[in-house]
Structures are given as C-alpha cells and as structure tokens.
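Chain and residue survey
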Amino acid sequence: MICIFGDGMAPDTFRQAFFKKGIAVTANIKEADLVVMAKDTPTDEEGNRDLECISLLTKHIYGRTKGVVLLSSQVPPGFTRNLHIPIWCMAETLRVKDALQRALHPEQHIIGCENPNAPLPKAIIDFLDLFPAPVFKMSYESCEFSKIAINMTLASQVENTNRLSKAAEHFKANWEDIAIVLSHDGRIGPKSYLTPGDWKKSPHLLRDWVTLKEIPCANSE
C-alpha cells in the first residue's frame, strides 16, 4: 500500500494509476508500505528555497510510518544526507505543461540512497515497476545534483535558442521553420527547448540556477 504526500494533481492521478495496477493508495502513513514525499518545495520570486517545511514534514513522516520513505521534493545536494534518517530520494523531473504525461511515462528513474551498493527495498521496486523505465541508483548527492544538471542544461538550451532566433530575425529568416529543422536532427530532437523566452520566469529552473550559482567552483572561469 502506498501513501503519497504531494501537491495539485499528484494524489488523485497516481491513485488511479495504481488502482489499474492493483495497488492501493492510502492517506494513512501508518499502514503504508511506501510513503512518497512529493510536496513541492516552497520557492520565493528570486528562486530561494524554503527547506524547513520539507525537512520537518519528511522527519514527521519517517517518525510515524513503518514503511519506506521516498523523498521526491526538489532539494539541493546534501539535503537528504543532512536529515540523518535512513530514507531514499528520487529526482523529480516534471514540468508544468506536461507534468501528468511525464509522471506516467518517465524516461528514467533517478534514485539516491545512503549506500548505492545496497539493494532497493521491495516497496520502491514495486513502485517503479508501475512506470517502466531505466533505474539509476546513486548517492544522495548525485541524485540531488542530477536535477540541477538537467534543469541548467535545459536553461542553456533556451539561452541558445534566444541567441539564434535573434540572429535569424536579423537575416529575415523564419525561426519557426528553423526550429522544425532542429527538432528533426537526431542529435537535438523534438523535445529540445526551441521556443525563445526567459527561462528565469520558470520557478523550477530559477530555483536550481540560484542553488548552482552559490557553489563557488561552478562559477569560476
């Protein structure tokens, strides 16, 4: 039995998906075999995270369940280990415009743990089996940084798209035509971020940019 702490569409959507697989979803953490902590991390307009509520809620859940706890909130590297409780974490790679589709059909599962050589608990295996995709097990820090690496790579795609679209406009070239060409190049692909815009207006990308810029070695020349 699975318990999900999430925001928005997550609980109802996953309850339906699990029901089709014959797995029950409960709101009672005491009777759950797996508790997925998927609450969105509060973030201000400048991209700063409020991690206190995530820390308190995760510890609250761990102290009241006999099941496995899987943290899927958006946290920076070092957060999960510093909780000092034996839980697991999973990098969440959803995006607003197609969150449901990506949740039900993920490209991969990124799982972080205290000891990467330890086997996955059966409860997590059963959970991941609901949504078939490659599973990559690694340290807490590698898992947490994976989310940042993905988002900053996407942000750089937007910046490159902005630069190229402005250059195309200079030559009176139609960027929509060029975007179609790029999306059909196998080295780039149809899911690339090929629409010009300000990626910092995305709180999810901005949040990880703020975290990354606070790391000295990531900003040295």
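As a reminder, the structure under discussion sits directly above these lines.
Here we summarise the structure given alongside this text. Residue indices follow the written sequence of each chain, beginning from 1 at its first position. The predicted origin of the model limits local features to residues at a pLDDT of at least 70 and limits the giving and counting of side-chain atom pairs to 80 or more, whereas totals for whole chains, interfaces and linings rest on all residues. Only heavy atoms go into the side-chain values, all of them from the structure, while hydrogens and water stay out.

So, on to the overall build of the chain. Counting its secondary structure elements, the chain contains eight helices and six strands. Counting from the N terminus, the helices are the DSSP runs of H or I reaching at least four residues and the strands are the DSSP runs of E reaching at least two. Ordered by position from the N terminus, the helices and strands of the chain form the series β-α-β-α-β-α-β-α-β-α-β-α-α-α. By principal-axis analysis of the C-alpha atoms, the chain measures approximately 65 × 40 × 35 Å. Here the chain, with 221 residues, has 43% of them falling under the buried criterion. Across the chain, contacts joining residues at least 24 apart in sequence account for 68% of those joining residues at least 6 apart. For the area figures, the Shrake-Rupley method with a 1.4 Å probe applies, and any residue is considered shielded solely by the protein chains shown. As presented, the chain carries roughly 12800 Å² of accessible surface, and 56% of it is formed by carbon and sulfur atoms. The average position of the 25 basic charges and that of the 27 acidic charges among the side chains of the chain differ by 3 Å. When a residue's accessible area, from a 1.4 Å probe over protein chains only, is under 20% of the maximum for its type it is buried; when over 50% it is exposed; and in between it is partly exposed. A contact between two residues is defined here by any heavy atoms of the two lying within 4.5 Å. In this tally Asp and Glu are treated as negative and Lys and Arg as positive; neither His nor the chain ends contributes. We put the charge of a Lys on NZ, of an Arg on CZ, of an Asp on CG and of a Glu on CD.

Right, let's get into the packing of helix α6 (residues 140-170) against helix α8 (residues 203-213). Geometry of a packed helix pair, given as the angle between the helix axes and the separation of the axes. A fitted line through C-alpha atoms represents every axis, and for helices the fit uses only the stretch in contact; the resulting angles, taken between N-to-C directions, go from 0 to 180 degrees. Relative to each other, α6 and α8 sit at 115°, their axes nearing to 9 Å. Taken together, α6 and α8 sit at an angle that is classed as roughly perpendicular. Crossing geometry of α6 relative to α8 is assigned as left-handed. On the side of α6, the interface is formed by Phe145, Lys147, Ile148, Asn151 and Met152, while α8 contributes His204, Leu205, Asp208, Trp209, Thr211 and Leu212. Polar here means any residue other than Ala, Val, Leu, Ile, Met, Phe, Trp, Tyr, Cys and Pro, which are nonpolar, and Asp, Glu, Lys and Arg, which are charged; Gly is therefore polar. Across the contact of α6 with α8, the residue classes break down as six nonpolar, three polar and two charged. Each angle receives one of four descriptions, namely roughly parallel if under 35 degrees, roughly antiparallel if over 145, roughly perpendicular if within 65 to 115, and oblique otherwise. Handedness of each helix crossing follows the sense of rotation of the near helix against the far helix: counterclockwise by less than a right angle gives left-handed, clockwise gives right-handed.

It is worth spelling out unusual backbone geometry at this point. A positive phi angle, near 60°, is found at histidine 84, a position not held by glycine. Within the secondary structure layout, histidine 84 lies in the loop between α3 (79-82) and β4 (88-90). In the Ramachandran plot, lysine 172 falls in the positive-phi region, its phi being about 60° despite a non-glycine side chain. Checked against the element boundaries, lysine 172 lands in the loop between α6 and α7 (175-183). Given the relative accessible area of 78%, lysine 172 is considered exposed.

Here we take up the nonpolar core. Grouping buried Ala, Val, Leu, Ile, Met, Phe, Trp, Tyr and Cys residues that are joined through side-chain atoms within 4.5 Å yields what is termed a nonpolar core. Grouped together as the largest cluster of nonpolar side chains are 20 residues, with contacts concentrated most on Val35, Ile54, Leu71, Phe79, Leu83, Ile87 and Cys143. Setting aside anything within four residues of it in sequence, one finds cysteine 143 in contact with Cys89, Met90, Ala91, Ile110, Ile111, Gly112 and Met138. Counting residues in hydrophobic clusters, the runner-up holds 19 residues, among them Ile4, Val36, Ile111 and Cys113.

On to the sheet that holds strand β1 (residues 2-6), then. Taken in spatial order, the six strands make up an open sheet running β1-β2-β3-β4-β5-β6, and their pairing is mixed. Each edge of the sheet is formed by a strand with only one pairing partner; in this case those strands are β1 and β6 (135-139). Within the sheet, the average angular offset between the axes of one strand and its neighbour, ignoring direction, is 25°. Whether two strands pair comes down to DSSP finding at least two bridges between them. Sheet topology note: the β4/strand β5 (residues 109-113) ladder contains two bridges and is antiparallel. Note that in β5 the partner of cysteine 89 across the bridge is glycine 112. Strands β4, β5 and β6 of the sheet are contacted by α6, whose axis makes an angle of about 115° with β6.

The next point concerns α7. Residues spaced three or four apart along an α-helix point in a common direction, a consequence of the helix completing one turn every 3.6 residues. Burial in α7 covers these residues: Trp175, Ala179 and Ser183. Projected onto a plane normal to the axis of α7, the buried residues spread over an arc of 80° and lie on a single side. As used in this structure description, the phrase polar contact means that two N or O atoms lie within 3.5 Å; if the pair is within protein, one of them must be able to donate a hydrogen and the other to accept it, and residues adjacent in sequence are counted only when both atoms belong to side chains. At the N-terminal end of α7, a side-chain oxygen is found 2.9 Å from the backbone nitrogen of glutamate 176, two or three residues along, and the residue is asparagine 174. The arc under discussion is defined with respect to the helix axis, by the directions toward the C-beta atoms.

Once that is clear, we can look at the pattern of salt bridges. By definition, a salt bridge exists where a carboxyl oxygen of Asp or Glu is found within 4 Å of a side-chain nitrogen of Lys or Arg. The full count for this structure, using the stated rule, is six salt bridges. With a shortest N-O distance of 3.9 Å, aspartate 40 and arginine 207 are connected by a salt bridge. Taken together, the positions of aspartate 40 in the loop between β2 (34-38) and α2 (52-64) and arginine 207 in helix α8 put the pair 167 residues apart, joining distant regions of the chain. Take aspartate 40: its relative accessible area is 31%, and that puts it in the partly exposed class. Across the pair arginine 187 and aspartate 185 runs a salt bridge whose closest N-O atoms are separated by 2.8 Å. Exposure remark for aspartate 185: the relative accessible area of 22% places this residue in the partly exposed category.

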